[in-house]
Amino acid sequence: MKPGLKVLLSAALLFASLICGAQTTKVRGRVTDESGEGIPFAGVYFKGTTVGITADMDGYYNLETKDLSRYVLVAQLLGYDPMEVFVQPGKFNEVDFTLHLTDNRLSGAKVRADNKKARELLANIQAHRATNDPDNHPEYVCEIYNKMEMDLTHPAEQLDGKRFRQEFGFVFDYIDTSAVSGVPYLPVMISETVSERRHSSAPLKDAETVLANRISGLNPEGNNMLSQFTGSLHLRINFYRPFINAFDVQFPSPIQENGLLYYNYCIIDTLKVDGRPTLLVRYHPKSLVSTPAFDGEMRIDCEDFALRSIHANMKNTTNVNWLRDLVFDSEYERQADSTWFYKSDRLYVDLSLSLRDSSKMLSFIGRKDMNYSKVRFELGSKIRSGDALVNVGEDATRKDESYWAGARPEPLSEKEQAIYDMVEKVQTVPMYKTLYEIVYTAINGYYEVGKIGFGPYFKLLSFNALEGFRPQFGMRTSKAFSLTDRFTVYGAYGTRDKTLKGGATWEHLFDRIPERKLTLSAKYDVYQMGSAAENSIGEGNILATIFGGSYNNKLCMMSSFAGKYEHEFSMRVNGTIGFDFKRYYPNEAPWLREMKQVQMYAPDSSKIHSVAANEMYVALRFSKDETVNRGLFKKNYVYSEYPSVTISLAGSVSGLRPGDYSYLRPEFTLRWSPRVPPFGTSKIYINAGKIYGKVPYPMLHMHEGNSTYLLNRFSFACMEFMEFASDQWLTVFWNHCFNGFFFGKLPVIRKLGWREEVSVRAAWGSLSPQNNGNLAKVNAADMQAPMLFPNGTSSLGKQPYVEFGAGISNILKFIRVDCYWRASYRDQRIVVVEDPSVKPVKPVIDPETGLVIEDPTFKQKVLSRLRTPNFAVKIGAEFKF
């Protein structure tokens with residue numbers, strides 16, 4: 001380049017940098033040799049700075065800087081002539097380098113993995129981990145500025161259309177380009193949070209207080225859920241941990257002790273950073289590694305063997321859904337006491353329906369920038385065990401602009417500042433309001449008009465054998481009516497049974513965080529006997545019509561008047577106290593086959609018209625470090641590394657109403673989802689209980705059957721509804737997803753992204769003679785069960801009920817298909833019920849199973865021969881990363 005031209009160009013670029021304001025220079029490209037082959041590990045940096053990166057195995061790189069005085073980009077590698085290129089400051093630049101050999105008689109430098117030295121390096125890092133890991137400090141307090149941004153990619157294609165451009169055309173003035181993927185994007189949300197993190201390592205506890213929060217287009221006043229989510233404890237990154245959990249995907253840390261199982265390492269150079277010798281190390285996944293892993297570079301302090309900085313880019317995306325790009329950049333700095341602490345964390349994530357880089361399908365980019373300051377290595381006051389993981393200050397959402405100007409480590413760019421104005425303007429467009437209503441209705445099930453919502457839409461029309469066609473209409477109040485009270489009513493009618501059903505619910509929030517909630521409800525509706533309480537389809541659901549199979553085999557009518565008070569004592573302890581006055585009615589509809597009816601007969605063969613329970617209960621739920629998703633009136637428990645335990649005690653008192661009974665039912669439930677990287681994740685469910693008292697079968701524990709075609713992880717796939725009843729039981733469900741650990745090693749199947757699922761489900765149970773309806777005519781009067789069992793119901797024998805399952809999930813990214821085999825009680829079972837018109841005689845009982853078996857010597861009437869399914873196929877939908 002001629003000197004004069006170079007000066008003019010430099011002056012023009014300098015002038016451009018002055019008018020850009022607080023913008024970012026973004027560069028993306030590839031470094032190749034003269035043959036077009038990528039040059040791995042070539043250094044690319046801004047001239048005169050330490051801002052740079054090494055290219056990956058294929059020569060690709062991306063970087064950005066906010067120092068707009070630097071506009072010369074350099075690429076170099078030993079054996080090649082360095083190359084300089086001018087870039088436009090404050091803009092996105094696509095820059096490819098072609099490097100030439102310094103001497104044609106020589107070949108360029110070849111950087112090979114040196115895993116022997118890497119082994120020594122990893123051993124030293126591990127040996128110094130106790131002092132270098134920031135979370136190993138006995139205690140600390142720090143302040144964190146956290147900025148989050150959400151962007152829509154390919155906005156021109158996604159938001160195409162004449163009408164849209166007429167109403168939203170102004171948004172295209174805010175389009176930018178990603179340095180990571182090179183795709184255009186439109187910012188749609190930005191949030192800023194200042195929080196104080198408090199940490200204790202013995203015992204290990206964390207707590208965070210949100211001091212200030214603002215979200216573009218939203219006023220989170222009274223909506224602490226949004227402020228909690230934007231805190232720093234969500235998606236925490238610490239590379240000193242063996243595995244990095246991001247979006248429920250386990251990535252092996254490049255500095256873990258067993259890093260050589262997953263990565264090859266190349267020591268590129270030795271640098272001087274802050275006057276200290278620092279190793280520049282490049283790492284990339286081994287070719288045979290099938291689990292998700294990172295590719296990138298890191299800088300290791302040579303004296304303390306501490307991680308100074310790391311750039312980690314997701315690779316091996318075969319078994320990762322929706323994540324097209326995931327990039328972490330973390331920096332650590334040495335403190336005055338010679339220990340190391342967090343300096344900054346940056347996250348970039350590209351969420352897309354398609355993982356192909358060329359795809360222009362709907363996708364979003366998320367960014368998270370965190371800066372640490374005001375570090376102190378003493379708490380002052382201890383973190384209490386009951387403290388919430390994230391608390392929101394009372395005035396967190398009321399900070400003015402002067403506060404934010406002083407709290408930010410650097411000013412917002414012009415485009416970032418403009419997002420606040422753009423989002424507020426978008427919300428005034430009529431088309432936006434229409435789209436928002438459609439999405440809101442799809443998620444919440446109700447279409448809201450002012451203070452009233454109508455729905456749920458998935459229960460408007462259904463069909464079952466008892467009711468025939470069932471139209472249903474419901475309403476509930478919206479947030480516009482009240483933020484503390486919600487009323488819900490519905491009515492339904494069966495065209496075949498010609499019976500009107502309905503219900504009403506009132507919910508009152510005393511406090512949302514911590515939760516204090518009162519619920520009162522009353523209903524008269526059909527009830528599916530023997531189904532799982534959790535994850536069941538639910539009566540009146542259109543899914544029960546489409547995928548129900550024999551779901552409606554054991555329907556009966558039930559009336560209920562219930563109330564409960566939920567009290568959140570702390571993030572670890574939740575309590576519930578309540579009552580449920582319920583009554584069960586028999587179902588002997590003449591248009592139903594006998595096996596689909598729910599008959600109720602006394603031991604003397606007289607018909608029972610109904611039975612009732614006046615139940616009162618108390619329950620305590622214990623958990624630790626659990627992620628909770630809080631809606632306005634609903635709280636969902638998302639995940640915890642530790643088990644959650646629920647202990648409950650329920651009881652009923654007789655003599656208050658006709659046909660009521662007394663009993664006591666203590667119960668224990670454990671749920672746990674342990675991660676076992678790199679072998680996947682398990683889900684464990686254990687439930688045990690005992691019923692004291694003489695009760696009819698509707699009040700016994702009916703082991704959870706599933707006669708539908710849909711997967712329910714809280715029920716037995718090969719068990720019929722009401723097949724087994726117990727008054728003392730233990731249920732264990734175990735499911736493990738290998739996340740493609742085996743399929744990822746098979747060349748053809750690897751591309752499909754399938755995941756392996758295995759499961760074992762078992763139930764142990766017993767039934768005392770006084771509650772065994774099959775023995776009601778055999779026992780003495782004082783030991784007779786108050787009600788005969790219906791056809792097909794019996795008790796478990798000495799052996800447990802066991803079934804095994806194997807399946808494939810992640811089919812087309814959300815479909816799961818499981819096959820189950822029944823391992824016990826497989827033979828054809830003949831259920832013999834005596835003819836009520838015949839004088840009762842003594843039946844024959846199988847001593848192994850406790851079942852009534854056919855005895856031709858007695859005059860009995862065989863009402864049914866039940867062959868249980870030994871094999872079942874279930875289908876489900878799961879949306880996982």
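Let me sum up the structure you'll find in this document. Worth saying up front: this structure is predicted, and the values here are computed from it rather than measured.

Quick look at the overall build of the protein now. Along the protein, the regular secondary structure elements total 11 helices and 49 strands. Taking all contacts inside the protein whose residues are at least 6 apart in sequence as the whole, residues at least 24 apart take part in 65%. Surface accessibility of the protein: about 40,300 Å² in total, with carbon and sulfur atoms responsible for 58%.

What follows deals with empty space enclosed by the protein. Under the counting rule described, the total for this entry stands at seven cavities of 30 Å³ or more. Approximately 80 Å³ is the volume found for the second largest cavity. For the second largest cavity, the full set of lining residues is K683, Y685, R713, F733, W734, N735, S759, V760 and R761. Breaking the lining of the second largest cavity down by element, the ones donating at least two residues are β38 (681-690), β41 (728-737) and β42 (755-766). Tallied by class, residues from the lining of the second largest cavity come to four nonpolar, two polar and three charged.

A word on the side chain of T441. Within the element layout of this structure, T441 appears in helix α9 (residues 430-444). Judged by its relative accessible area of 16%, T441 falls in the buried class. At 2.8 Å, the side chain of T441 forms a polar contact with the backbone oxygen of E437. Each residue touching T441, except ones within four places of it in the same chain, is listed here: Y446, Y447 and Y457.

Moving on, we come to the side chain of H508. Tracing the sequence through the fold places H508 in strand β28 (residues 500-511). Classification of H508 by relative accessible area gives buried; the value is 17%. At 2.8 Å, the side chain of H508 and the side chain of D485 are in polar contact. With residues near it in sequence (within four places) discarded, H508 still touches T484, D485, R516, K517 and L518.

Attention shifts here to unusual backbone geometry. In terms of backbone geometry, most residues other than glycine have negative phi values and most peptide bonds are trans. In this structure, the amide linkage connecting G455 to the following residue, P456, adopts the cis form with an omega of -5°. Looking at the secondary structure, you find P456 in the loop between β24 (452-454) and β25 (461-464). Cis geometry is adopted by the peptide bond preceding P678, which originates at P677 and carries an omega value of 5°. On the secondary structure map, P678 appears in the loop between β37 (663-672) and β38. Positive phi values are uncommon outside glycine, yet D274 reaches one of about 55°. The residue D274 is located in the loop between β15 (263-273) and β16 (276-285) in this model. A positive phi angle, close to 65°, is found at N810, a residue other than glycine. With respect to the helices, strands and loops of the structure, N810 is situated in strand β43 (residues 801-811). The exposure class of N810 is buried, given its relative accessible area of 6%.

Our next topic: helix α2 (residues 115-127). Counted at 1.5 Å a residue, the expected span for α2 with its 13 residues is 18 Å, and the 18 Å between its end C-alpha atoms agrees. For α2, every residue scored as buried is listed here: N115, A118, L121, L122 and I125. Buried residues in α2, looked at end-on, bunch into an arc of 110°, giving them a common side. Set apart from the buried face of α2 by more than 90 degrees, the exposed residues are K116, R119 and A127.

This brings us to the pattern of salt bridges. Taken as a whole, this structure holds 37 salt bridges when the rule is applied. Put simply, D304 and R334 hold a salt bridge, and the shortest N to O gap is 2.7 Å. Of this pair, D304 sits in the loop between β17 (293-301) and β18 (307-315) while R334 sits in strand β19 (residues 323-334), and the two are 30 residues apart along the sequence. Since its relative accessible area comes to 16%, D304 is described here as buried. When its relative accessible area of 34% is taken as the criterion, R334 is described as partly exposed. Close ionic contact of E588 with K607 constitutes a salt bridge, the shortest N to O distance being 3.7 Å. Note that E588 is positioned in the loop between β31 (573-585) and β32 (611-622) and K607 in the loop between β31 and β32, a separation of 19 residues in sequence. It is possible to trace a salt-bridge network through shared partners that takes in D274, R276, D301, E303, D304, R308 and R334.

Calculation notes
Residues numbered from 1 in each chain as written. Predicted model: local features only at pLDDT ≥ 70, side-chain atom pairs only at ≥ 80, totals over all residues. Heavy atoms only, no water. Helix = DSSP H or I, 4+ residues; strand = E, 2+ residues; numbered from the N terminus. Contact = heavy atoms within 4.5 Å. Areas by Shrake-Rupley, 256 points an atom, 1.4 Å probe, with all protein chains shown as cover. 1 Å grid on protein atoms, 1.4 Å probe; cavity = no way out; pocket = protein on both sides within 12 Å on 5 of 7 lines; lining within 4 Å. Points joined across faces, edges and corners; volume = space filled by probe spheres on them. Nonpolar A, V, L, I, M, F, W, Y, C, P; charged D, E, K, R; others polar. Buried < 20%, exposed > 50% of the residue type's maximum accessible area, 1.4 Å probe, protein only. Polar contact = N/O pair within 3.5 Å; in protein donor to acceptor, adjacent residues only side chain to side chain. Expected span 1.5 Å × (residues − 1). Arc of directions from axis to C-beta. Salt bridge = Lys/Arg side-chain N within 4 Å of Asp/Glu carboxyl O.

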